[in-house]
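Results of the structural survey
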Amino acid sequence: MISSALKSPADLAGAGLIDASRIAALDAVAARYAVSVSPDIAALIESADDPIARQFLPDEAELLTRPEERADPIGDAAHSPVPGIVHRHPDRVLFKVVAACPVYCRFCFRRETIGPQQENALSAEAFEAAIAYIATHPKVWEVILTGGDPFILSPRRVQEITQRLAEIAHVKIVRWHTRVPVVDPSRITDDFVAALIAPGVTSWVALHANHHSEFSPDARRAVARLVDGGIALVSQSVLLKGVNDDVESLAALMRTFVENRVKPYYLHHPDLAPGTSHFRVPISHGQSLMRELGARLSGMALPSYVIDIPGGHAKVSLLSSDVEELGSGRYHIRDHAGAWHEYEESVGPPPSTVRSGSV
């Protein structure tokens, strides 16, 4: 196993994950979107187009931006009253405490605002302003820690954040969104798990994984450490072309979550992030997959198939009456306030197939 993260196309070529002839072309991708592949993820890659490689190795197709794509595809900015806070729903807020990750997913919907070129964490002043905002909004029952990946923080910092939120009487749920247990499992120590717990709040973790092969033995032990330490876990995944867009892969992923005591929660339709059209599948395909999953899996293994309505209008189930197909890849989608929004599918070309000599 390599000893440190691979953070450039040259690093990836040196590890045998891409062909050296692609370095120059992929440098252009890396100049725009952050690249990092952890040692644990690199060890899982068996071929240059397997489901793990597809998620983490940069591709020239990322430089192809379609007109429908947006720098802020789910409209965070429209609902951000102070830096670090997104307040889209009355009873919960997103708290973006970091802008970095141990790995960078090639389909990330926040890819324009995270990475080493960004400010890694909120300043002390911005952090206090965010805490003050939460404290002065008594309807906020749940705080969702996100970023970036908040599990890159030290146990000391995690404990401080947990304790500060627990001191706010109306905050009862603290939910951490992360990929760390599967991409960098050694971070999940007993001290880290203990830092997630404080009197007065219940801590949850939403674990992001998209393929069952991400659950290495080390990842399974990290997840078990969280559960055994008293943390409740739910899953979130993204439906991705070439990764999990067949019923066998999705069924294996959801069963793997349940086997590891993680309740399947969300299966996201890919957002309209720039340079990600080669990952998107038609909504009708996702709906068909969910029908097939329903015939194969028990209810406890079924996620909700959802889409974030572009522009900041929140999530909607794609299996509900809030979605009307208009034809030719166009849909009407109704938000929770009852307003209808037109959505046009944006499915792009396949990624580069120049893979000779890699892996």
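Scroll up to find the structure this text is about.
The paragraphs below set out a description of the structure included in this document.

1. Thoughts on the side chain of Arg 280
Counting through the fold element by element, Arg 280 comes out in the loop between strand E7 (263-268) and helix H11 (283-296). Among the polar contacts made by the side chain of Arg 280, one reaches the side chain of Thr 276 at a distance of 2.8 Å.

2. Remarks on the sheet that holds strand E11 (residues 330-334)
Adjacent strands of a sheet form backbone hydrogen bonds with each other and so pair up, either parallel or antiparallel. Spatial strand order, E10-E11-E12: three strands in an open sheet with antiparallel pairing. Of all the strands in the sheet, the pair left with one neighbour each is strand E10 (323-327) and strand E12 (340-344). Across the sheet, the mean angle separating the axes of adjacent strands is 25 degrees when strand polarity is ignored. Bridging between E11 and E12 involves five bridges; their strand directions are antiparallel. In the sheet register, Arg 334 faces E12, and the bridge partner there is Trp 340.

3. Notes on unusual backbone geometry
With an omega of 15 degrees, the peptide bond between Gly 147 and Gly 148 qualifies as cis. Checked against the element boundaries, Gly 148 lands in the loop between strand E3 (142-146) and helix H6 (155-166). With a phi close to 65 degrees, Arg 261 is a non-glycine residue in the positive phi region. Structurally, the position occupied by Arg 261 is in the loop between helix H10 (247-259) and E7. Relative accessible area serves as the criterion here: at 43%, Arg 261 is assigned to the partly exposed category. In the Ramachandran plot, Ser 328 falls in the positive-phi region, its phi being about 55 degrees despite a non-glycine side chain.

4. Description of empty space enclosed by the protein
All told, the structure shown has three cavities of 30 Å³ or more when counted by the stated rule. By volume, the second largest cavity is sized at about 60 Å³. Tyr 33, Ala 34, Tyr 104, Cys 105, Arg 106, Cys 108, Arg 111 and Ile 114 together form the lining of the second largest cavity. Here the lining of the second largest cavity is built from residues that sort into six nonpolar, no polar and two charged.

5. Considering the pairing of strand E2 (residues 92-96)
Successive side chains on a regular strand alternate, one facing one side of the sheet and the next facing the other. Examined bridge by bridge, strand E1 (residues 85-89) and E2 share three bridges and lie antiparallel to one another. By the bridge assignment, Ile 85 is partnered in E2 with Phe 95. Hairpin connection from E1 to E2: two residues lie between these consecutive antiparallel strands.

6. A few points about the side chain of Glu 69
Tracing the sequence through the fold places Glu 69 in the loop between helix H4 (51-56) and E1. We classify Glu 69 as buried; its relative accessible area is 9%. Among the polar contacts made by the side chain of Glu 69, one reaches the main-chain amide nitrogen of Gly 275 at a distance of 2.9 Å. Setting aside chain neighbours within four positions, we find Glu 69 in contact with Leu 64, Leu 272, Ala 273, Pro 274, Gly 275, Thr 276, Ser 277, Arg 280 and Ser 346.

7. Regarding the environment of Ala 53
Within the secondary structure, Ala 53 is located in helix H4. Between the C-alpha atom of Ala 53 and that of Arg 106, which follows or precedes it by 53 residues, the distance is 9.8 Å. Dropping the residues within four chain positions of it, Ala 53 is found in contact with Ile 45, Ser 47 and Ala 48.

8. A few points about the packing of H10 against H11
Where H10 meets H11, the axes come as close as 10 Å, and the angle between the chain directions of the two elements is 55 degrees. Our classification of the angle between H10 and H11 gives oblique. The two elements H10 and H11 cross, and the hand of that crossing is right-handed. Facing H10, whose interface residues are Val 247, Glu 248, Leu 250, Ala 251 and Arg 255, H11 presents Leu 289, Glu 292, Leu 293 and Arg 296.

9. Describing the packing of helix H5 (residues 124-135) against H6
Angle between the axes and distance between the axes: these two values describe a pair of packed helices. The N-to-C vectors of H5 and H6 enclose an angle of 30 degrees; their axes lie 11 Å apart at closest approach. The angle between H5 and H6 places the two elements in the roughly parallel class. Where H5 crosses over H6, the handedness of that crossing is right-handed. On H6, the residues touching Phe 127, Glu 128, Ile 131 and Ile 134 of H5 are Arg 157, Ile 161, Arg 164 and Leu 165.

10. Description of the layout of surface pockets
The calculated volume of the largest pocket comes to roughly 1,100 Å³. Lining the largest pocket are 48 residues; nearest its centre among them are Phe 109, His 177, Gln 236, His 268 and Lys 315. Each pocket or cavity is described by its volume, and for the second largest pocket that value is around 440 Å³. In this structure, the second largest pocket is lined by 24 residues; those nearest its centre are Gly 84, Lys 96, Ala 99, Arg 110 and Thr 113. Of the residues belonging to the lining of the second largest pocket, the class tally is 14 nonpolar, five polar and five charged.

Thresholds, definitions, all that
- Residues numbered from 1 in each chain as written.
- Predicted model: local features only at pLDDT ≥ 70, side-chain atom pairs only at ≥ 80, totals over all residues.
- Heavy atoms only, no water.
- Helix = DSSP H or I, 4+ residues; strand = E, 2+ residues; numbered from the N terminus.
- Polar contact = N/O pair within 3.5 Å; in protein donor to acceptor, adjacent residues only side chain to side chain.
- Pairing = 2+ DSSP bridges.
- Axes fitted to C-alpha atoms, helices over the stretch in contact; angles between N-to-C directions.
- Buried < 20%, exposed > 50% of the residue type's maximum accessible area, 1.4 Å probe, protein only.
- 1 Å grid on protein atoms, 1.4 Å probe; cavity = no way out; pocket = protein on both sides within 12 Å on 5 of 7 lines; lining within 4 Å.
- Points joined across faces, edges and corners; volume = space filled by probe spheres on them.
- Nonpolar A, V, L, I, M, F, W, Y, C, P; charged D, E, K, R; others polar.
- Contact = heavy atoms within 4.5 Å.
- Parallel < 35°, antiparallel > 145°, perpendicular 65-115°, else oblique.
- Left-handed = near helix turned anticlockwise from the far one by under 90°.

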